[in-house]
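# Tertiary structure, described
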Amino acid sequence: MTELQNTGATAPDLCIELAKPDDYAAVGDLVARSYLAAGYFDDPQHAYLDVVRQVADRAAHCEVFVARQQGHVVGTMTLIRYGSRYADIARPGELEIRMLAVDPQIQRAGVGRLMVQAAVERARALHDVDTVSLTTGADWLGARALYERLGFTHRQERDWTVPGTQVHLVVYTLKV
């Protein structure tokens, strides 16, 4: 599947599709800008921001999607299967959402919601997937509220701390 159709009314001109190699630099920069604008990182040279910019490698192992509006990449997410080296929390039967980001200039316009809904649609199309999982920051209240509105459940027993840091992450799942 290369394109996920938008069924929402918030952004009718939004197309969610697999990223193309020409999109990779924009995808990496978008994730980094989004994370910095949200205050997830203070330092634009943080090592994790280098990781999110390695889109070509990620795309070789996972599905990297973009949300395109009027031809511009305005959002992105990576969908990861259990067993992938990019999986942080995926268990058998789960499709993990990682690196979900929306252009800071259009956040809260429904793009993130539509992307999560597209991920759920993608999971439903996979015969061996019955759950969508994701990790978010414990204090990232806007993201947490979005996931809860979409029916995701906080799985406190799966929460974790990034090794070598004080960053506490929470896990959400949704049965599909």
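Just so it is clear, the structure is predicted and the values come from calculations on it, not from any experiment. (Residues numbered from 1 in each chain as written. Predicted model: local features only at pLDDT ≥ 70, side-chain atom pairs only at ≥ 80, totals over all residues. Heavy atoms only, no water.)

### Considering the pairing of strand E4 (residues 72-81)
How we decide: Burial classes: relative accessible area under 20% of the type maximum marks a residue as buried, over 50% as exposed, and values in between as partly exposed (1.4 Å probe, protein chains only). Note on conventions: DSSP H or I runs of at least 4 residues are helices, E runs of at least 2 residues are strands, and numbering of each starts at the N terminus. The rule for pairing is simple: two strands pair if DSSP sees at least two bridges between them.
E4 sits mainly inside the fold: eight of its ten residues count as buried. Note that strand E3 (residues 63-69) and E4 share seven bridges and pair antiparallel. Across the sheet, the residue bridging to Arg68 is Val73, located in E4. By the bridge criterion, six bridges tie E4 to strand E5 (residues 94-102) in an arrangement that is antiparallel. Bridge pairing in E5 places Gly75 opposite Val102.

### Remarks on the confidence of the model for the protein
Rule in force here: For every residue, the predictor assigns a confidence score, pLDDT, that lies between 0 and 100. In this analysis, two residues are considered to be in contact whenever any of their non-hydrogen atoms come within 4.5 Å of each other.
Across the protein, the average pLDDT comes to 91, with 93% of residues at or above 70. Within the protein, strand E1 (residues 3-4) has the poorest average pLDDT of any element, 50, and strand E7 (residues 153-154) the best, 98. With pLDDT under 50 throughout, residues 5-10 is counted as low confidence; its partners more than four residues away or in other chains account for nine contacts.

### As for the pairing of strand E9 (residues 168-175)
Counting buried positions along E9 yields six of eight residues, so the element is predominantly enclosed. Bridge count between strand E6 (residues 131-137) and E9: seven bridges; the pairing is antiparallel. Across the sheet, residue Ser133 finds its bridge partner in E9, namely Thr173. Taken together, the two bridges between E7 and E9 define a ladder with antiparallel strand orientation.

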